[in-house]
Every structure is written in structure tokens, then in C-alpha cells.
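# A structural walkthrough
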Amino acid sequence: MAINWFKYSSPASFYLLAGKMVPVFVFISVILLVVGLYVGFFVAPTDFQQGEAYRIIFIHVPAAWMSMFLYVVMAFWAGIGLAFNTRLSSMFATAIAPTGAMFTFIALWTGALWGKPMWGTWWVWDARLTSELILFFLYIGFMSLQAAIDDPRRADKAGAIIALVGVINIPIIYFSVQWWNTLHQGASVSLNQAPAMATTMLTGMLIMVLASWMYSIAVILKRTRVIILERESHTAWVAELHKKGAI
Amino acid sequence: MIWSSWSEFFSMGGYGLYVWGSYVVTFICIAGEILLISNRRRTLEKQYSHIEDLDNNETKNETTS
């Protein structure tokens, strides 16, 4: 029994699979969100130094991690779409960009609102903040470049170039706090050493990270399905879906 | 329970503006994103049923003329 590895790389079968997956991820993300917010606001103690302002961490860090992670995933699928000329991969990369841009904006916004009371300023041209801002422009550039080109296939190729070129910015963001060591503090959570955070604060934050990951999957799959319908509207299977009213 | 009263909870130790300013904007962004997608899907369905009506009229005309 040969496994057909590429069964779900066809837009039609992926459309049905994604349709089943979206509610699952919506359910998981809502549960994790409620638990994460509960731990963040009602379990985690007051910070001895920052008082209550540190509770912004429960959206600032997840948003920042997601903004970087989603960019890498977007560049990966854009690269696959460019290399193998698979339309669904490029559709998926196009679907990721808005969510990535949103998380980057949230990371910048919550960072500014956290910086005002703690650093005394909304914005400073710090290495971490500036590279995150560049990430935001990269997302916007990717989306507007694709919107500017009529033929979706050519737009995919152009978008893939900007996505792949922009990937270099992700390690820059991650290591910016060590290389330039400007205002933004270093990584309090990393894979190779114990986290410099109280456990309840850490668990609350990690639950929120998982919640934002599940949310991203749900929203991106949902947007991919709409993009598939838009691009495959001339096909028979979409016409049949529409007749059945199951669009 | 850390908070002794709701008003204390909302004042967030004096940082209420910053904490709730972050959370409210975040949830507005998320709600906006979800609405944008369902809106995009609705316009697609409208276009599609419009195309379908045109097809039906076309076939009807052919048969009558």
C-alpha cells in the first residue's frame, strides 16, 4: 500500500482537510487562552520590581515569538512554492503574511506600552526594536508586492524572493540583544539555560505562547481556504461545492 | 487571590492604562483579523452566486430564442 505523500498538496483535498482542522485549533486556542489569562492575572504574583506592569509579558512575548516564527514558516513555504512550483505552498505563504504582520504590530505596540512606564519612553532606536520594525516592513512589503501583481503565480514568485531575502532579519532580531546590547534586555528564556523567571509567570507565558500558536494555525488555515476558493473559482470542484452550498 | 477588589484589578497597580491598553488593542486586532477573513469569504460567495445567476439566465435565453 503505497502512501500518496502528495495527496494533501492538491488545493481541493487540502481544502477539505483544513476545513476539518480549523474548528479543532479554534477550540484548543480558546481553552489555552482562558487558562493562560487566568494564570497570568490571578496566579502569577506581583513583580517586586515592575509591580503589575510586567503582566503585559503575557501578550508581548508570545506576539514577538510568533512574529519571528511565522516569518520563517512563510519564507519556507514561499521557497517551496518557488522551487517546486506548487501553487498551494505559495497560497499558504500568502495566507501567513497578514497574521505575521499582526503579531509584529502587537509586539511593537505592547512593547511600547510596556516601555513607557518602565523605560520612560514609547520608542527608542534600540537594536531589538528597530529590527522588529524592519520585520513589520518586510511583512507589509511582502503583502503589498503580491497585491501589486495581477497574475497570482507571478505574485507568488515575487513574494517568495522578498520572503527569502528577509529571512536574514530573523536571527538579527533574536541575537540583537547580545550583539548590540542596547536597551532591550537579553533572553530570559532560552533552550540551554534555566529561565530567569518565576515559575508561575513562566507557565502563564508559555501557555499564552501555545494559545497564540494554535490561534495562528486556525486563522491561517481559514485564510488559506478562502485563498484557495478565490484562485480555484474556475474549477469544477468549487462549482460543485457551491451547488451543495458547502462553500 | 491577589486582587482584593475589581477596582484594584482594573487599576493594575497604577499601570492600568498600559496593561489594558495592550490587551484591548490586541483583542481588537484579533477580532479584526477574524472579521476580515469571514468578510472576504462572504464577498466571494456573493460573487459566485452572481456568476451562477448569469449562467442560468444565459442558458435560459439560448433555449427560448
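Notes on the structure follow. (Residues numbered from 1 in each chain as written. Chains lettered and ligands numbered in written order. Predicted model: local features only at pLDDT ≥ 70, side-chain atom pairs only at ≥ 80, totals over all residues. Heavy atoms only, no water.)

Much of the literature gives interface size as the accessible area that the parts lose upon coming together. Opposite the 29 residues of chain B that make contact, chain A presents 44 residues. A buried area of about 3300 Å², summed over both sides, lies between chain B and chain A, and 73% of it is on carbon and sulfur atoms. On the chain B side of the contact with chain A, Tyr23, Arg41 and Tyr48 of chain B bury the most area, a combined 21% of that side's loss. Put simply, chain B and chain A have eight residue pairs in polar contact (both at pLDDT 80 or more) between them. Of the residues forming the side of chain B that touches chain A, the biggest block, 22 residues, is contributed by helix α2 (residues 16–64) of chain B. (Contact = heavy atoms within 4.5 Å. Buried area = accessible area lost by both parts, 1.4 Å probe. Polar contact = N/O pair within 3.5 Å; in protein donor to acceptor, adjacent residues only side chain to side chain. Helix = DSSP H or I, 4+ residues; strand = E, 2+ residues; numbered from the N terminus.)

All right, on to the packing of aromatic side chains then. A full pass over the atoms with the stated rule returns 27 aromatic pairs over all chains. An angle of 75° between the planes, with centres 5.3 Å apart, marks the rings of Tyr71 of chain A and Tyr139 of chain A as edge-to-face. One end of the pair, Tyr71 of chain A, is in helix α2 (residues 57–84); the other, Tyr139 of chain A, is in helix α4 (residues 127–148), with 68 residues separating them in the sequence. Side by side, Tyr71 of chain A and Tyr139 of chain A carry an identical accessibility label, which is buried. Relative to Tyr23 of chain B, the ring of Trp20 of chain B lies with its centre 6.0 Å away and its plane at 55°, an arrangement referred to as tilted. Linking Trp20 of chain B with Tyr23 of chain B, this pair stays in helix α2, spanning three residues, or about one helical turn. For Trp20 of chain B, a relative accessible area of 21% corresponds to the partly exposed category. (Phe/Tyr/Trp six-rings, centres within 6.5 Å; stacked < 30°, edge-to-face > 60°. Buried < 20%, exposed > 50% of the residue type's maximum accessible area, 1.4 Å probe, protein only.)

Together, Val24, Phe27, Ile28, Ile31 and Val35 of chain A give the surface a local cluster of nonpolar side chains, amounting to about 420 Å² of exposed area. The residue Ile31 of chain A is located in helix α1 (residues 11–43) in this model. (Patch = residues over 30% accessible without salt bridge, like charges linked within 9 Å, V, L, I, M, F, W, Y side chains within 5 Å. Areas by Shrake-Rupley, 256 points an atom, 1.4 Å probe, with all protein chains shown as cover. Salt bridge = Lys/Arg side-chain N within 4 Å of Asp/Glu carboxyl O.)

Right, let's talk about unusual backbone geometry for a bit. All names here are of chain A. We note that Asn85 has phi near 55°; this positive angle belongs to a residue other than glycine. The topology assignment puts Asn85 in the loop between α2 and α3 (87–119). Relative accessible area serves as the criterion here: at 47%, Asn85 is assigned to the partly exposed category.

Ranked by size, the top nonpolar core spans 55 residues in total, and within it Tyr71 and Met74 of chain A carry the most contacts. If you tally residues by element for this core, the top one is α3 of chain A, at 13 residues. Dropping the residues within four chain positions of it, Met74 of chain A is found in contact with Ala93, Ile96, Ala97, Tyr139, Phe142 and Ala163 of chain A. Within the second largest apolar cluster, 22 residues are counted, among which are Ile56 and Met205 of chain A together with Phe9 and Tyr23 of chain B. (Core = buried A, V, L, I, M, F, W, Y, C linked by side-chain atoms within 4.5 Å.)

All names here are of chain A. Taken as a whole and judged by the stated rule, the model has one cavity of 30 Å³ or more. As a volume, the largest cavity reaches approximately 30 Å³. In this structure, the largest cavity is lined by Gly81, Leu82, Ser90, Arg153, Asp156 and Lys157. Secondary-structure elements contributing two or more residues to the lining of the largest cavity are α2 and α5 (152–166). Per element, the largest residue contribution to the lining of the largest cavity is three residues, and it comes from α5. A per-class count over the lining of the largest cavity returns one nonpolar, two polar and three charged. (1 Å grid on protein atoms, 1.4 Å probe; cavity = no way out; pocket = protein on both sides within 12 Å on 5 of 7 lines; lining within 4 Å. Points joined across faces, edges and corners; volume = space filled by probe spheres on them. Nonpolar A, V, L, I, M, F, W, Y, C, P; charged D, E, K, R; others polar.)

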